Amino acid sequence: MERKSVAEAEQHRSGCPINLSLEVLGDSWSLVVIRDIMFGNRRHYRQLLGESEEGIASNILSSRLKQLTDHGLVTKEQDPAHKQRQLYSLTEKAIQLVPVLVQLGAWGRKFLPVSPELSIRAKVLEDGGPQLWERFMAELRAVHLGVPAAQDESSVHHELEQAYREVVDAGGDSSG
């Protein structure tokens, strides 16, 4: 773990790890952008802008992508398949947020009026526990960091997408 100098710590409200985390991730869009890259495999600006359920404004998306890049959660590079597009990738710091996002989803499912189709992925991840989270993180490392993936396990992303499709095809009815 990297520790901040006193001068760096003075730039923040406090040195509390929760406060510092919220200074990076606590606005109403940063985790949504990370979620869309992580779970929706939305890696291009236009995908992030047009395919988000929440309808993020273009100036907010640009600002959040810059902020996430500046904080080392996302990288941006020219898409080798299309020279005029930028490809956004998660860093290890962002991939390590999987358990946090799973817990946020579990809390939301328990206490808030979620929709079945948009909460099924959270349920699958919650039910799968830390072993499934680790498999998903390994998949994300393969996609975003180029780390070789294990070939002997099914795709967690595919499992999440299949669960979503089943709920949508059933008309939004989900058991759980």
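Described below are features of the structure shown in this document. (Residues numbered from 1 in each chain as written. Predicted model: local features only at pLDDT ≥ 70, side-chain atom pairs only at ≥ 80, totals over all residues. Heavy atoms only, no water.)

Glancing now at the pattern of salt bridges. Using the criterion set out here, one finds 16 salt bridges in the structure. For glutamate 51, the salt bridge goes to arginine 42, with nearest N and O atoms at 3.6 Å. Note that lysine 66 and aspartate 70 form a salt bridge whose closest N and O atoms lie 2.8 Å from each other. With lysine 66 and aspartate 70 both in helix α5 (residues 58–70) and four residues apart, the pair spans about one turn of that helix. For the pair shown, lysine 66 and aspartate 70 are each scored as exposed. (Salt bridge = Lys/Arg side-chain N within 4 Å of Asp/Glu carboxyl O. Helix = DSSP H or I, 4+ residues; strand = E, 2+ residues; numbered from the N terminus. Buried < 20%, exposed > 50% of the residue type's maximum accessible area, 1.4 Å probe, protein only.)

Our focus in this paragraph is the packing of helix α7 (residues 98–111) against helix α8 (residues 116–145). Axis separation between α7 and α8 bottoms out at 9 Å; the angle between their running directions is 175°. By the angle between their directions, the pair α7 and α8 is classed as roughly antiparallel. Taken together, the residues of α8 that come into contact with α7 (itself represented by Val98, Pro99, Val102, Gln103, Gly105, Ala106 and Arg109) are Ser119, Ala122, Lys123, Leu125, Glu126, Trp133, Phe136, Met137 and Leu140. For the contact of α7 with α8, the per-class residue count stands at 10 nonpolar, three polar and three charged. (Axes fitted to C-alpha atoms, helices over the stretch in contact; angles between N-to-C directions. Parallel < 35°, antiparallel > 145°, perpendicular 65-115°, else oblique. Contact = heavy atoms within 4.5 Å. Nonpolar A, V, L, I, M, F, W, Y, C, P; charged D, E, K, R; others polar.)

A few words now on the environment of glutamate 134. Relative to the helices and strands, glutamate 134 is located in helix α8. What makes glutamate 134 partly exposed here is its relative accessible area of 46%. A C-alpha to C-alpha distance of 24 Å links glutamate 134 and valine 167, two positions 33 residues apart in sequence.

For the rest of this paragraph, the subject is the packing of aromatic side chains. Applying the stated criterion to the full structure yields two aromatic pairs. For the pair phenylalanine 39 and phenylalanine 136, a centre-to-centre distance of 5.2 Å together with 15° between the ring planes defines the contact as stacked. On the criterion of sequence distance, the pair formed by phenylalanine 39 in helix α3 (residues 30–40) and phenylalanine 136 in helix α8 is long-range, its members being 97 residues apart. With 5.5 Å between their ring centres and 50° between their planes, tryptophan 107 and phenylalanine 111 make a pair best called tilted. Remark: phenylalanine 111 and tryptophan 107 occur in helix α7; sequence separation between them is four residues, near one turn of the helix. (Phe/Tyr/Trp six-rings, centres within 6.5 Å; stacked < 30°, edge-to-face > 60°.)

Once that is clear, we can look at unusual backbone geometry. Not every positive phi belongs to a glycine, and asparagine 41 is a case in point at roughly 50°. Within the secondary structure layout, asparagine 41 lies in the loop between α3 and α4 (45–50). For asparagine 41, a relative accessible area of 38% puts it in the partly exposed group.

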